[in-house]
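Here is how the chains run, residue by residue.
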Amino acid sequence: MSSTDAVTFWDGVHAARPATAGPSPNVRLTETVTDLPPGDALDLGCGNGGDALWLARQGWRVTAADISAVAVERLTALARAHGVHDRVAAVRLDLRTAFPAGTFDLITTHYLHTPYDLDRSAVLRAAAHALRPGGRLLVVDHGSTAPWSWNQDPGVRFPSPREVAAGIGLDPAVWTVERADAPRRLATGPDGSTAEVTDHVLLVRRGRVRVRTRVSR
């Protein structure tokens, strides 16, 4: 399927969802990042922009990327309305062919699932390598299907966080898995309905560079 098909699909998904004045951040983000010192963050598949806006309000400088022009335009307008446009750079980008430039203290991606071809392991591997020493990669995936999900395939399988980590194939001498679990929560859909869902949460930290001190003899 072409890039044009993917853009059209995701533009349609976001256009069909009501624009909100203040989209909420994902709970797995807030519980992970609240105690971290702000720095440079990258939000892959930023969607409605709730995570990027929340990070910016905490003092982070955020690059927010999404394949959908509708999502990017909405986030740009929201960042200006919330007075954080100087800390949020929303960019339209197809992760199948490109990855944001730069290095980051935090890279977060929530529910990076798509009906179109995407080498997720390659994207997440690129993300891990874009971390600065001490930086963290937070990957939150669906562990169950919500009633409002675009994917209602009864045969869909959700890889566990450990399986996702294995697929990335990171050197354990450099990257440490700090969290890999499957918590449940009560979620609210775009139409206001609620359902209990499972999240698959993977948190990876890049080790700090060890500086060897030369001892004079």
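Preceding block: the structure.
Conventions we followed
- Residue positions within a chain follow its written sequence, with the count starting from 1.
- Predicted model: local features are reported for residues with pLDDT of at least 70 only, side-chain atom pairs are reported and counted for 80 or more only, and whole-chain, interface and lining totals are derived from all residues.
- Note that water and hydrogens are dropped before the side-chain values are worked out from all heavy atoms of the structure.
- Under this scheme, a helix contributes an axis fitted over its contacting stretch, all axes are lines through C-alpha atoms, and angles between N-to-C directions fall in the 0 to 180 degree range.
- Numbered from the N terminus, helices here are DSSP runs of H or I no shorter than four residues, and strands are runs of E no shorter than two.
- An angle below 35 degrees is read as roughly parallel, one above 145 as roughly antiparallel, one from 65 to 115 as roughly perpendicular, and any other as oblique.
- By the convention used here, residues are in contact when the closest approach between their heavy atoms is within 4.5 Å.
- Three classes are used, and their members are as follows: Ala, Val, Leu, Ile, Met, Phe, Trp, Tyr, Cys and Pro are nonpolar, Asp, Glu, Lys and Arg are charged, and the others, Gly among them, are polar.
- To estimate the expected span of a helix, count its residues, drop one, and scale the result by 1.5 Å.
- Any residue under 20% of the maximum accessible area for its type is buried, any over 50% is exposed, and the rest in between are partly exposed; the area is computed with a 1.4 Å probe on protein chains only.
- Regarding the arc, it is the one traced by the directions from the helix axis to the C-beta atoms.
- In protein, a polar contact requires one atom able to donate a hydrogen and another able to accept it; more generally it is a pair of N or O atoms within 3.5 Å, and residues adjacent in sequence count only if both atoms are side-chain atoms.
- In this scheme Phe, Tyr and Trp rings, the latter by its six-membered ring, pair at centre separations within 6.5 Å, and the angle between planes marks the pair as stacked below 30 degrees, edge-to-face above 60, and tilted otherwise.
- Pairing between two strands is assigned when DSSP locates at least 2 bridges connecting them.

J.: What is the right way to read the packing of helix α5 (residues 120–129) against helix α6 (residues 161–168) from this model?
T.: Between two packed helices, the angle of one axis relative to the other and the distance separating the axes together describe the packing. Relative orientation of the contacting elements α5 and α6 amounts to 75°, with a least axis distance of 8 Å. Taken together, the axis directions place α5 and α6 in an arrangement best described as roughly perpendicular. In contact with R120, S121, L124 and R125 of α5, α6 contributes V164, G167 and I168. In terms of residue class, the contact of α5 with α6 is built from three nonpolar, two polar and two charged.

J.: I'm lost on helix α4 (residues 69–81) in this one. Help?
T.: An α-helical segment advances 3.6 residues per turn. Residues three or four places apart therefore align on the same side. Counted at 1.5 Å a residue, the expected span for α4 with its 13 residues is 18 Å, and the 18 Å between its end C-alpha atoms agrees. Of all the residues in α4, the buried ones are A71, V72, L75, L78 and A79. Down the axis of α4, the smallest arc covering the buried residues is 130°, so these residues share one side. Within α4, the exposed residues directed more than 90 degrees away from the buried face are E73, R80 and A81. Structurally, the start of α4 carries an N-cap: the backbone nitrogen of V70 is 3.2 Å from a side-chain oxygen of S68. Just past α4, the residue G83 takes up positive phi, approximately 75°.

J.: It is not clear to me how the packing of aromatic side chains should be interpreted in this structure. Could you clarify?
T.: Geometry of an aromatic ring pair is reported as the spacing of the ring centres plus the angle between the planes. All told, the structure shown has two aromatic pairs when counted by the stated rule. Ring geometry for F9 against W10: centres 5.0 Å apart, planes inclined by 85°, an arrangement best described as edge-to-face. By relative accessible area, which is 25% here, F9 ends up partly exposed. Accessibility expressed as a relative area gives 12% for W10, which makes it buried. Here a set of aromatic residues connected by ring pairs shows up, and it is made of F9, W10 and Y116.

J.: Just to check I follow, could you spell out the pairing of strand β3 (residues 88–92) for this structure?
T.: Within a regular strand, side chains alternate between the sheet's two faces. Two elements, strand β2 (residues 61–66) and β3, share five bridges in a ladder whose sense is parallel. From the neighbouring strand, D66 faces β3, where its bridge partner is R92.

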